[in-house]
Amino acid sequence: MKYFFETYGCQMNSAESAALGLAARERGWEEAESAEDANLVLLNTCTVRATAEQRVMGRLAHYESLKKKRRAGGAPSFTLVIAGCVAQRLGDSLKEKFPAIDYVMGTSARSFFPLILEAAEQHREAIETGEKPDFAFSSSHLEEGQFRAFIPIMHGCNNFCSYCIVPYVRGREISRSPASILDEIRMVGEKGVKEITLLGQNVNSYNWVPGTILDFPGLLELIAEYLEKERSPIRWVRFLSSHPKDLSPRAIQVMAGHKVFCRHLHLCVQHGSNSMLKAMNRRYTREHYLELVSELRAAMPGLTLSTDLLIGFPGETEEDLEETFSLMEEVKFLYAYTYHYNPREGTAAYDLQNRIPESVKRNRLARVIKLQQQHTAELLKGRLGAETEVLIEGISHKNADELITRTERDEMAVVPGKAAWLGHFGHLVLSDLKGMTFRAKEITLTDR
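Just so it is clear, the structure is predicted and the values come from calculations on it, not from any experiment.

Rules and cut-offs
- Residues numbered from 1 in each chain as written.
- Predicted model: local features only at pLDDT ≥ 70, side-chain atom pairs only at ≥ 80, totals over all residues.
- Heavy atoms only, no water.
- Helix = DSSP H or I, 4+ residues; strand = E, 2+ residues; numbered from the N terminus.
- Rg over C-alpha atoms; globule rule 2.2 N^0.38 Å.
- Lys, Arg positive; Asp, Glu negative; His and termini not counted.
- Charge placed at Lys NZ, Arg CZ, Asp CG, Glu CD.
- Contact = heavy atoms within 4.5 Å.
- Buried < 20%, exposed > 50% of the residue type's maximum accessible area, 1.4 Å probe, protein only.
- Pairing = 2+ DSSP bridges.
- Axes fitted to C-alpha atoms, helices over the stretch in contact; angles between N-to-C directions.
- Phe/Tyr/Trp six-rings, centres within 6.5 Å; stacked < 30°, edge-to-face > 60°.
- Core = buried A, V, L, I, M, F, W, Y, C linked by side-chain atoms within 4.5 Å.

Q: An account of the overall build of the protein is requested, with residue identities and associated values reported.
A: The number of helices and strands found in the protein is 13 helices and 22 strands. A compact globule built from 448 residues would reach a C-alpha radius of gyration of about 22 Å, and the protein, at 23 Å, matches this within 12%. By principal-axis analysis of the C-alpha atoms, the protein measures approximately 65 × 60 × 50 Å. Side-chain charges in the protein split into 55 positive and 59 negative, and the spacing between the mean points of these groups amounts to 3 Å.

Below is the structure:
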């Protein structure tokens, strides 16, 4: 029996797909090279933006057509599962539009997946999954053969930013037990993982209450001490996403006090105008964000920052946009994920008046992107000639004799090397810059 997954959206979806893949392999299933060879096809979906949801609808239409084609040709069909946030938001109404769907598996229903696999193995019709279960974390989210791993530490979101659908499809915040987190970190370390990323819709609000209260800084301290004591092969730790209202001075102190935490942080600002931040229900001010940046850089010189920027929110003025430009100038982000506002039905902002015309939103977004590109180029040029440690991540698609590496500051560098070096740390000099990627002449491995 073979499975084929398509995963869309955030790193949490990637981690959850990895957990589902492990559950399938534990039952003896194999990963198919394409959907045409699969007995089960699963789409793990994202609904944060309307465009992501529309893409999923297109894929569902494709698989409905593929099912009809198989049946017409007398070939065995396949089980079609839609999972993730689109499944959670639209539920069984998806089956009405796409009857080829066998199962709609929302964000809390992963515990049903072994039953779905069993039904597919026995060539039974779709089973009834009964009541909706409570959310439960998987024990492992490691993609087979990888040396970087995502470790979910919490699920859901309590923030209710006015533009965001996530709290409605992921539910309220649930923190994972520290024992379970450490167990997974130990396990992935034993399998050769060198870097982990702690995941949550808002990692800073992690709070484990049963037995003993442990907040996010406490968890970071616990993880750092564990890695140092056990002399784990895991040398780098990252985390996302971070909400500015919950990033505490103590968390900054813990990061600064342990070298295992990479000197890069994704800190979502969304906008530079206080009036827009208030309308978005972000619950911090521009001034608070800039204070955080100052504290971070004072504690960790050389730290790079990245962010999200949402442009064209209802009521946004040119003055508001100028506030964003000035914040960008002051912070100088290494990179930013930029997008313009699209209304999402079910969110508080959906019915807001004073919507910005599409042409104006696109124009404003283009100006933001242009400024960010200037800042990125400026920061990268300033790093030319620097010596740095990197983790070797992959082989270049353009040249099989070159390796793709990443610094702890989240900069990319290409260097000549051997495939056998994948997953190792090395030392190199950032000697040249092509676009947004550094080049180096040679690398010296530091962990062999």
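Q: Residue-level account of the environment of Glu64, with values.
A: Here Glu64 is to be found in helix 2 (residues 50-72). In sequence terms Glu64 and Pro99 are 35 residues apart; their C-alpha atoms lie 7.8 Å from each other. Contacts of Glu64, omitting those with residues within four sequence positions, involve Lys97, Phe98, Pro99 and Ala100.

Q: Describe unusual backbone geometry, listing the residues and the values that go with them.
A: A cis amide bond links Leu240 with the next residue in sequence, Ser241, at an omega value of 0°. With respect to the helices, strands and loops of the structure, Ser241 is situated in the loop between strand 12 (236-240) and helix 9 (249-257). Even without glycine at this site, Phe160 takes up a positive phi of about 55°. Of note, Phe160 is situated in the loop between strand 7 (154-155) and helix 6 (166-170). A relative accessible area of 29% means that Phe160 is categorised as partly exposed.

Q: Now, about the sheet that holds strand 4 (residues 79-84): what can you tell me, with residues and values included?
A: With parallel pairing, five strands are arranged side by side in an open sheet as 2-1-3-4-5. Each end of this open sheet is capped by a strand with a single partner; those strands are strand 2 (30-31) and strand 5 (103-105). Relative to strand 4, strand 3 (residues 40-45) runs parallel, the two being bridged by six bridges. Looking across to strand 4, one finds that Thr45 is bridged to Gly84. Lying over the sheet, helix 2 contacts strand 1 (2-7), strand 3 and strand 4, oriented at roughly 170° with respect to strand 3.

Q: Give a detailed account of the sheet that holds strand 18 (residues 412-416), specifying residues and quantitative values.
A: Hydrogen bonding along the main chain pairs the strands of a sheet, whether they run parallel or antiparallel. On the basis of which strands lie adjacent, the open sheet formed by seven strands has the order 20-21-18-17-16-19-22 and mixed pairing. Since the sheet does not close on itself, it has two edges, and those belong to strand 20 (432-434) and strand 22 (443-445), each with one partner. On average, each strand axis in the sheet is tilted by 40° relative to the strand beside it, whichever way the strands run.

Q: A description of the packing of aromatic side chains should follow, citing residues and the corresponding values.
A: Across all of its chains, the model carries 10 aromatic pairs by this definition. Residues Tyr3 and Phe5 carry aromatic rings whose centres are separated by 4.7 Å and whose planes lie at 40° to one another, so their mutual orientation is tilted. By the burial criterion, Tyr3 is buried, and Phe5 matches it. When the centroid spacing of 6.3 Å and the interplanar angle of 65° are considered together, the rings of Phe5 and Phe113 count as edge-to-face.

Q: Please provide a residue-by-residue account of the nonpolar core, values included.
A: Proteins that are soluble and globular tend to have nonpolar side chains buried together. Core analysis: the largest hydrophobic core is formed by 59 residues, its most contacted members being Ile185 and Ile196. A total of seven residues in this core trace back to one element, the largest contributor, which is helix 8 (residues 216-230). In contact with Ile185, other than residues within four places in its own chain, are Ile151, Ile196, Ile223, Tyr226, Leu227 and Ile234. Core analysis: the second largest hydrophobic core is formed by 22 residues, Phe4, Leu43, Leu66 and Phe98 among them.

Purely spatial values, then, with no claim about function.
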